[in-house]
Amino acid sequence: MKHTLFLFLNMALLAGVIFIGWKQFAHPSYGEVLQGSGWTAKKFGDKYFLSIANRSELVAAVNDFVRAQKLTSGNITGIGAVNAVTLRFFDPQTKQYVDKSFNGQMEITNLSGNISTMDGKEYVHLHITLGDKNYQALAGHLLSADINGAGELFIEALPAARVERSYNPEIGLNFYDFAK
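Since we're looking at a predicted model, the values are computed, not measured.

About the thresholds
- Residues numbered from 1 in each chain as written.
- Predicted model: local features only at pLDDT ≥ 70, side-chain atom pairs only at ≥ 80, totals over all residues.
- Heavy atoms only, no water.
- Salt bridge = Lys/Arg side-chain N within 4 Å of Asp/Glu carboxyl O.
- Helix = DSSP H or I, 4+ residues; strand = E, 2+ residues; numbered from the N terminus.
- Buried < 20%, exposed > 50% of the residue type's maximum accessible area, 1.4 Å probe, protein only.
- Expected span 1.5 Å × (residues − 1).
- Arc of directions from axis to C-beta.
- Contact = heavy atoms within 4.5 Å.
- Polar contact = N/O pair within 3.5 Å; in protein donor to acceptor, adjacent residues only side chain to side chain.
- Pairing = 2+ DSSP bridges.
- Core = buried A, V, L, I, M, F, W, Y, C linked by side-chain atoms within 4.5 Å.
- Phe/Tyr/Trp six-rings, centres within 6.5 Å; stacked < 30°, edge-to-face > 60°.

### Remarks on the pattern of salt bridges
Tallying each qualifying case throughout the model produces 2 salt bridges. A salt bridge links Lys47 to Glu156, with the nearest nitrogen and oxygen atoms 3.5 Å apart. Taken as a pair, Lys47 in strand β3 (residues 47-52) and Glu156 in strand β7 (residues 137-157) lie far apart in primary sequence, 109 residues in all. For Lys47, a relative accessible area of 36% gives the class partly exposed.

### A closer look at helix α2 (residues 58-69)
Taking 1.5 Å per residue as the helical rise, α2 with its 12 residues ought to reach 16 Å, and the 17 Å between its terminal C-alpha atoms agrees with that figure. Three or more residues of α2 are buried, namely Leu58, Val59, Ala61, Val62, Phe65 and Val66. Buried residues in α2, looked at end-on, bunch into an arc of 165°, giving them a common side. Check the buried side of α2 and you find it contacts β2 (39-44), β3, β4 (74-91), β5 (96-118), β6 (121-131) and β7. Regarding α2, its N-cap is Glu57, as a side-chain oxygen of that residue lies 3.2 Å from the backbone nitrogen of Val59 further along.

### Topic: the pairing of β2
Two elements, strand β1 (residues 32-36) and β2, share 5 bridges in a ladder whose sense is antiparallel. Bridging from a neighbouring strand, Val33 pairs with Lys42 of β2. Between the end of β1 and the start of β2, which pair antiparallel, lie 2 residues, with Gly38 showing a positive phi angle near 85°. Bridge count between β2 and β3: 6 bridges; the pairing is antiparallel. Bridge assignment links Thr40 to a residue of β3, and that residue is Ser51.

### Points about the nonpolar core
By size, the foremost hydrophobic cluster in this structure holds 31 residues, and its most contacted members are Leu50, Leu58, Val62, Phe65 and Leu142. For this core, the elements supplying multiple residues, two or more each, are β2, β3, α2, β4, β5, β6 and β7. Sequence-distant contacts of Phe65, that is, excluding residues within four places in its chain, are made with Trp39, Ala41, Tyr48, Leu50, Leu71 and Ile155.

### Points about the packing of aromatic side chains
Counted by the stated rule, this structure contains 6 aromatic pairs. Considering the side-chain rings of Phe44 and Phe49, the 5.9 Å spacing of their centres and the 85° angle between planes classify their relative orientation as edge-to-face. Classification of Phe49 by relative accessible area gives partly exposed; the value is 48%. Taking 5.3 Å as the distance between ring centres and 65° as the angle between the ring planes, the aromatic pair formed by Phe90 and Tyr97 counts as edge-to-face. Residue Tyr97 is classed as partly exposed on the basis of its relative accessible area, which comes to 31%. Taken together, the aromatic side chains of Trp39, Tyr48 and Phe65 make up a single cluster linked through ring pairs.

### Quick notes on the side chain of Ser56
Structurally, Ser56 is set in the loop between β3 and α2. Judged by relative accessible area, which is 15%, Ser56 ranks as buried. Beyond its immediate sequence surroundings of up to four residues, Ser56 is in contact with Gly38, Ala145, Asp146 and Ile147.

### A short note on unusual backbone geometry
One non-glycine residue, Lys70, adopts positive backbone phi at about 55°. Residue placement: Lys70 occurs in the loop between α2 and β4. You will see that Lys95, though not glycine, has its phi angle at about 60°, which is positive. One can find Lys95 in the loop between β4 and β5. Relative accessible area serves as the criterion here: at 33%, Lys95 is assigned to the partly exposed category.

See the structure below:
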């Protein structure tokens, strides 16, 4: 009988903890709401849901967010829509980027990138794949994009890590430098 009562009390305690925990996470007030220039976010520990405001420049908003949160390393993914974008393509022969702008409504089918530091400052590196109304894809290094509709990003920060970049003159790009 004692054993059954003990088991029942433990199960009741566990059910209460699960219910209270679920209620906390499911409640709309859970998570800290943040705001900045062209963005709003909701923070859950070291993870952020980031909304880029309509008609805002996406890269500037992400850079503002990363600076405001003092993020030194992390991962970025996202979706949304834009009506103007400038992509970059790195030419290894000239060691220069070639920029090209595109206009018209396009879906962000994938935005991916990372956060590191270079010369002690936050460094955001983004690539994007876009789809146009003819179901044709464009992709490249993202220089700028004007949100026209939604810009929904997920950022996972790695606060215990600090990954520094250094310029490699032989290749002409900034790379992770794990010696720093």
